[in-house]
Amino acid sequence: MTITSAPVTGEATKTWSGRAMPRKEDWRLVQGQGSFVDDGGMYGQGYAWFVRSPYGHARIVSIDCEPALSMDGVYTVLTGEEAKAMCEAPFFAIAPPPGSLMQEWPLAVGKVRYQGDAVAVVLADSRETARDAAERIVVEYEPLPAVTEGVAAADPTAPLLYDEAGTNVVWHGVFDYGDVDWALENADHVVKLDRLHFHRFSSTPLECNGAVVDFDHGTGMVSVLSNYQMPMFAAMVIGPTIGVPMNKFNFVTKDIGGAFGLKIGFYPQIAALALLSKKAGRPAKWTEFRTEHMLTAGHGNERTFIDIEVPVMADGTILGVKARAFDDAGAYLHYEPLGAVIWSQVVPGCYKLKHVRVDYTEVVSNKCPVTPNRGYSRMQHLWMIERIVDVVAHELGLDPVEVRKRNYVQPEDYPYETPNGCIYDSGDLPRSLDIALELAHVDEWRARQRELGTGSGRRIGIGIGSTLDSGTNNFGQSRIINPELPFSGNGEVAIAKLDLFGEINVNLGTTPQGQGHETTASQVAADILGVTPDDVTVSTGFNQANNAYVGFSGTYASQFAVTGLCAVMGAAQKLRHQIVKLAAFALHADEDEIELAGGVARVRGDEERAIPFIGLANMVYTNNAGLPAELLNECDLNARYAYVPPFEVPDTVAKTGNLTLTYASQVHVCVVEIDEETGEVKILDYAAVDDCGKRINPLVVEGQVHGATGLGIAASLYESLDYDESGQLEEPSFYEYHVATSLDIPNIVCGDIESPSPFTPNGAKGMGEGGGAPLHAVCSAIQDAIGAGGPIVTDSHNHWARVYEMLQRAPGAPRGVEVISRSAGSDTGATSL
Amino acid sequence: MLLEQVEYVRPESVGDALEILASDEGAAPLAGGQSLVNVLKNRVASVDVLVDISRLAELSSIARTADGGLSIGACVTYDALDRSPEVRASHWMLGEVAAHIEDQQIRNKGTIGGNCCLSDPTNNLPPILVALGAVMELRSRTGERSVPAVDFFKGYFATALEPGELLVSVTVPPIPEHSGAGYASLAVGADAKALVRAAARVTLDGSGATIADSCLVLARVAHVPVRDAEAEARLNGADATEEAVRAACAGVADGMQPIADVHGSSEYRRQMAKVTARRAVVQAIAAARGSRNGSTAGGK
Ligand SMILES: Cc1cc2nc3c(=O)[nH]c(=O)nc-3n(C[C@H](O)[C@H](O)[C@H](O)COP(=O)(O)OP(=O)(O)OC[C@H]3O[C@@H](n4cnc5c(N)ncnc54)[C@H](O)[C@@H]3O)c2cc1C
């Protein structure tokens, strides 16, 4: 088979969209001319330093700020109690009771609930002074017993984080689709797994969090220069708490050095800085340190699945799955418990599972609060699905490729409705898998694996990770968590403008963090306005004063290609319409005679009759006497467009509905070699096949694939955030947490197919998160290397020591899996392995 | 950035440095600063006066001793060790270990003295120096003394140095005929902290077929480098083959209670100590046989 990158369907590319163009923003970023939050500041600012708890769980007995306040250069100190007194309400809760009873304020009040919890914040004339002063604040704590494991936290006897709630359970719900009991009774085999655990890790952005916040006593304006990635969400959460209406905020972002969802979590710090600035009467600047980031900025969701039962037919058809899930949100609910529903965007994974019941519990524990983290909540579930598919193949002696192909949603099934009413838009999973197998040279590695046999001390394993990146959320799914919430749908805004000298400017509501928005937005606008991408200036980052936003604006959850670029498309088309109208007036022609090319509007077929954009801008901005009022009313050359994807409010009782607009798919194949004497896992070959519909810029897509793949491999082999029983993080710095670098990541061979989405105006799908495919593929490869009869890979993190331990485990030791076979003709009857 | 206020002096001679160190309890020598400055920034230790010894010519040279060994000044950097023709000619593996310490920026600044005096159990040089039988030359205002490397490392960030005392140089004896050194570490991930290391020196008999003498040093099993005397006894007299070495190393660390930390459990360390020990001894045998005094493998 030959592999081509050619699209399988879809129309020919236009001039700029679809081209693999280098990113416009890169020249400034690679020359050190990017401008990040710490590069910015405000007149008269002080420097903030948070005083943080060394304990995982403790009562705050007293705080003595006097030693800090008496130091030269210290402006003020704000404690948790004081901050609370300045607030009108705790932060808005997404959860209904009991979750809503777990109140959070800008700083800890009464007790600390995780190591790093902020109890006070200092403002001083330098960072050094602020830090020195913070060290002098004396906080007396009374340590409390901690709970640091999700399943244990749900136990009624566990130490409580919030006495007011009377439980650590934030939210519980049963997602029940089809008839899993019937399936379990009628299946030929039932594969049972005791426990699967998806570990905690972070995507480790290069740039930590930061903000400069000014509370202007004169105007009441709160200016927030930050690298927060979903600005209006922060405004909506903290506004009612600190008593600031939406029109008194001005959120601004600049270049952002990676966010991955983690930069949705630090709104409490922004609120605390606003109050600190209010108290001090000057702006407060805070730049997070790496250890502070690792302790407090947010970790990805950790999820434990127990009592997993998988009904399977003799031919390998998997009927569904039944499981209990415990998601550990950490100490405070930042964006949570949205994760408790977001996974249900991908209930059956890539497969035609019909009968699914997940009994889902979300808990708090004495650990860093979780935040969305690349692949947010779906990755955990998809990993579980992919593990069970792999284990089914393994335990029933079936070919893992065949089991996947048999159960995949097939190309002819699209649009495919999942058991909970989500609509998978398009794709070709079997073909994606074939391409990935070919690119990773699987036939050769299988032969090498057989050659190697046993006794060489080395083992080869081949693994597959099939996954989905669901993009463009329907925020109505939040109502499945809490029917009272006033959220549904989604949207994004762009403004396309012709400036005074005819320059084209585009403002976005997004907060790019490396996704190349300046490039792709200018490609799209250039095609519509008849110019080159270099002629289009896309402003960097978010600025509330631009008025290019809706409540959901930002960059997160795999949606820019749809929400962002469709907004750009709409705005550019609106602007084009105005340009054409003005040109038709100026050139005494019909509108349908006008064409735009090279920054000029002209009459088709008559080159002499033309007017450059500067002439049109002049007509509107600086030379408009005598123009018809109707023309001026319609053509202000300032076109704002809000793209709103088509969604309905989900059924909150049945927990069904269309929860996301698009489903990009990723199929990864990983070949590993394991050194039996150390457990070392070395990746020998790696292929990633992405299908994200129409690609506006294939180079940007490939960059995202590389990034997501690197992070996934890092998480699967190197990166894990673990707590001891008292709630101490065991990896609070890069000394303990090995962040994978390019030296750890193998060469990644990318393949692609394009199955355009029928639901998006541009055929594109969001794809930046990547669905955690490497975690699935690496686990699957390790499982393959362990071979028949060995233990099951039950954890998403497989440090060498864990692999070594699995290889050492005595034959006959519990394997964590059981197969019950009931088929009439089966020669094994009921077996218990 | 973000250091506490600290004084800085740069004495003109070792004598002056010793005067300052003796007169001020809060003074500490600053060599490459690659650990000390980080420690100060993290505020896990504090110092009143930094006595910068890094530019003292007296401490920065590498000299051949009369018996063919090396005398290495305490402020010789890793990069200088790596690139020294003297070191490479007689103690190839020492240069190789230095060449593998972290990245070039750290190798440009970090010194053999700092690496030893910090006694950070993860540091690369202490185990190889113990294996090579190095001697630490210490000086204070009142006198000089020599401490064998094996006795110099006292514990977690603790050495035999007395207050006011400086390490001035490290004497490394010559490597005897038919001898070689090996060095192996196990780290999960590129440039990650090693979870266990082994350094070995072996001397083969005249025929090159058997191991006449050996020194096997394990690091990260305890907080300081330790010799595994039982394994050495099994190695001495054994065939100089991979199988025989594997057999002799099967019991490595069995009598020890390896430490456990975030980088590895006690039991995993014990098992990995066997593997790295074997790898280091096999390298050392190859080196002993080779024309070089060190093999091209290892050092990491
Ligand atoms: C990111 C990073 C990673 C690193 N990883 C490794 C690694 O994997 N392996 C490794 O071996 N090293 C590593 N290092 C540490 C590095 O090797 C340091 O250079 C070394 O630990 C100290 O050497 P220094 O010359 O910088 O000493 P300094 O930091 O200046 O001093 C260290 C200590 O020794 C004392 N001291 C220094 N010289 C003398 C002397 N002559 N007499 C008495 N006391 C003295 C100082 O007072 C201080 O207490 C790393 C460093 C960094 C920054």
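None of the values given here were measured: they were computed from a predicted structure. (Residues numbered from 1 in each chain as written. Chains lettered and ligands numbered in written order. Predicted model: local features only at pLDDT ≥ 70, side-chain atom pairs only at ≥ 80, totals over all residues. Heavy atoms only, no water.)

Draft legend 1. Examining the pattern of salt bridges more closely. Evaluation of the coordinates by the stated rule reveals 62 salt bridges over all chains. Ionic pairing is found between A:Arg127 and A:Asp38, a salt bridge with its closest N-O pair at 2.4 Å. A residue pair is termed long-range when its members are at least 10 positions apart, and A:Arg127 in helix α4 (residues 127–136) and A:Asp38 in the loop between α1 (26–30) and β1 (46–52) qualify at 89 residues. For A:Arg127, a relative accessible area of 18% puts it in the buried group. Look at the salt bridges and you will find they share partners, linking A:Arg458, A:Glu673, A:Asp675, A:Glu677, B:Glu242, B:Arg246, B:Arg278 and B:Arg279 into a network. (Salt bridge = Lys/Arg side-chain N within 4 Å of Asp/Glu carboxyl O. Helix = DSSP H or I, 4+ residues; strand = E, 2+ residues; numbered from the N terminus. Buried < 20%, exposed > 50% of the residue type's maximum accessible area, 1.4 Å probe, protein only.)

Draft legend 2. Just the confidence of the model for chain A, in detail. Residues and elements named next belong to chain A. The predicted model of chain A has a mean per-residue pLDDT of 95, with 97% of residues at 70 or higher. The low-confidence segment residues 1–13 (pLDDT under 50) makes 19 contacts with residues lying over four places distant or belonging to another chain. For the stretch residues 825–833, pLDDT sits under 50, and the model shows 13 contacts to residues farther than four places along the chain or on other chains. (pLDDT = per-residue confidence, 0-100. Contact = heavy atoms within 4.5 Å.)

Draft legend 3. Spotlight on the sheet that holds strand β21 (residues 536–538) of chain A. All names here are of chain A. Read from one edge to the other, the open sheet built from 4 strands follows the order β21-β20-β19-β25, with strand pairing classed as mixed. Across the chains shown, the open sheet's two edge strands, defined by having one partner strand only, are β21 and β25 (638–643). Neighbour-to-neighbour, the strand axes of the sheet open up by a mean angle of 20 degrees, direction not taken into account. In the packing of helix α16 (residues 517–529) onto the sheet, contacts are made with β20 (504–508) and β21, and the angle to β21 comes to roughly 145 degrees. (Pairing = 2+ DSSP bridges. Axes fitted to C-alpha atoms, helices over the stretch in contact; angles between N-to-C directions.)

Draft legend 4. Molecular detail of the interface of chain B and chain A. Facing the 25 residues of chain B at the interface are 23 residues of chain A. For the pair chain B and chain A, the summed buried area comes to about 2,100 Å², and 59% of that belongs to carbon and sulfur atoms. Taken together, the connections running from chain B to chain A amount to 6 salt bridges. Between A:Glu677 and B:Arg279 there is a salt bridge whose closest N-O contact spans 3.4 Å. For the pair chain B and chain A, the interface holds 9 residue pairs in polar contact (both at pLDDT 80 or more). Ranked by residues supplied to the side of chain B that touches chain A, first place goes to helix α12 (residues 266–289) of chain B with 6 residues. Here the side of chain B that touches chain A is built from residues that sort into 12 nonpolar, 5 polar and 8 charged. (Buried area = accessible area lost by both parts, 1.4 Å probe. Polar contact = N/O pair within 3.5 Å; in protein donor to acceptor, adjacent residues only side chain to side chain. Nonpolar A, V, L, I, M, F, W, Y, C, P; charged D, E, K, R; others polar.)

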